[in-house]
Amino acid sequence: MALSADTLAGLRDELGDCHRCPLGDTRTTLVFGHGNPHARVMLVGEAPGRNEDLTGQPFVGAAGKLLDELLGHGGLVREDVYIANILKCRPPGNRDPKRVEVETCTPFLMAQIHLVDPELVVTLGNFATRLMLDTREGITALRGQITLVQGRSVYPVFHPAASIYDRAKRETLISDFARVPEILDSLKGGDAG
Ligand code: URA
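Here the structure is a predicted model, which is why all the values come from computation and not from measurement.

Caption draft 1: A look at the site of the ligand. Around the ligand sit Gly-45, Glu-46, Ala-47, Glu-52, Pro-58, Phe-59, Asn-85 and His-159, and that is every residue in its neighbourhood. One nitrogen or oxygen atom from the main chain of Ala-47 is found 3.1 Å from a nitrogen atom belonging to the ligand. For the ligand, a nitrogen atom lies 2.7 Å from a polar atom in the side chain of Asn-85. Relative to its unbound accessible area of 230 Å², the ligand is 92% covered by the protein chains.

Caption draft 2: Region of interest: the nonpolar core. Phe-32, Met-42, Val-44, Tyr-82, Ile-86 and Leu-109 are the most contacted members of the largest nonpolar core, which totals 29 residues. Those elements that provide at least two residues to this core are helix 1 (8-15), strand 2 (41-45), strand 3 (82-85), helix 5 (99-116) and helix 6 (125-133). Among the elements that make up this core, the one with the highest residue count is helix 5 (seven residues). Ignoring any residue separated from it by four or fewer positions in sequence, one finds Met-42 in contact with Tyr-82, Ala-84, Leu-109, Gln-112, Ile-113, Val-116, Pro-118, Leu-120, Val-121 and Val-122. If you look at the next biggest cluster of nonpolar residues, it comprises 25 residues, including Val-41, Leu-66, Val-157 and Phe-158.

Caption draft 3: Layout of the packing of aromatic side chains. Taken as a whole and judged by the stated rule, the model has zero aromatic pairs. The ring of Phe-158 has Lys-169 lying over it, and the distance from NZ or CZ to the ring centre is 5.3 Å.

Caption draft 4: Quick peek at helix 5. With 18 residues, helix 5 extends 25 Å between its outermost C-alpha atoms, agreeing within 8% with the 26 Å of an ideal straight helix rising 1.5 Å per residue. The largest bend along helix 5 measures about 40° and falls at Cys-105, with the proline Pro-107 one to four residues further on. Those residues of helix 5 lying buried are Glu-101, Val-102, Thr-104, Cys-105, Thr-106, Phe-108, Leu-109, Ala-111, Gln-112, Ile-113 and Val-116. Count one or two residues on from helix 5 and you reach Asp-117, which has phi positive near 55°.

Definitions and limits used
- What you see as residue numbers is a count from 1 along each chain, following the sequence as written.
- Side-chain atom pairs in this predicted model are given and counted only at pLDDT of 80 or more, local residue features only at pLDDT of at least 70, and totals for whole chains, interfaces and linings cover all residues.
- Excluding hydrogens and water, the side-chain figures rest on all heavy atoms present in the structure.
- Throughout this document, a residue counts as near a molecule or strand when at least one of its heavy atoms sits within 4 Å of that molecule or strand.
- Side-chain atoms alone can form a polar contact between residues adjacent in sequence; in general such a contact is a pair of N or O atoms within 3.5 Å, and within protein one must be able to donate a hydrogen while the other accepts it.
- Here the accessible surface of atoms and residues is derived via Shrake-Rupley with a 1.4 Å probe, and residues count as covered only by protein chains that are part of the display.
- Put simply, buried Ala, Val, Leu, Ile, Met, Phe, Trp, Tyr and Cys residues joined by side-chain atoms within 4.5 Å make one nonpolar core.
- Burial classification: accessible surface area is computed with a 1.4 Å probe over protein chains only, and a residue below 20% of its type maximum counts as buried, one above 50% as exposed, and the rest as partly exposed.
- Runs of H or I in DSSP of at least four residues are treated as helices and runs of E of at least two as strands, each being numbered from the N terminus.
- Residues are treated as being in contact if the distance between any of their heavy atoms lies within 4.5 Å.
- Each aromatic pair joins two rings of Phe, Tyr and Trp (for Trp, the six-membered one) with centres within 6.5 Å, and gets the label stacked for planes under 30 degrees apart, edge-to-face for over 60, and tilted for any other angle.
- Whether a charge sits over a ring depends on NZ of Lys or CZ of Arg being within 6 Å of the ring centre and within 35 degrees of the ring normal.
- Every helix has an expected span of 1.5 Å times one less than the residues it contains.
- Note on bend: at a given residue it equals the angle between the axes fitted to the 7 residues ending there and to the 7 starting there.

The structure is reproduced here in structure tokens:
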């Protein structure tokens, strides 16, 4: 799919009232993405859930509240970062994304990354990590490690929703987010860590 937009607003227009895959028929609201269009840090999640589908905003509700806390541990607030999901529409019942859905929606995520041009892409959970690193390896093995992908640093962490009721995962997420300032400093110096 050739996308021509050279701004986020233009890309949103290009997405339009999307029905490129069947999720267009079941969603309530398309969740494009949100945040600082010039962010140094971009977060990539999986797909909108129920609250996101109703509001059109990524990460609202319990996972969003936890995400805000995690950002705080990294010295950030939501307005500092840009947040987008792989899928822009909610899979019914929050089921896992299907391959055709991921393939159809990924060009829009890649265009968002290109337009925001962040130094650091934090992938939240398995789906985003596997997509960005083009691997079948799981998040438990990959979390906390930085990989350069086409000149951009990708930093996988657990998905906040997976750590709401898992104390150990939450502690790990907190310490992974607390490393973000030091990672950004090292990137400024041209060292990918
Ligand atoms: N989970 C995600 O991956 N993205 C959201 O926007 C909300 C929950």
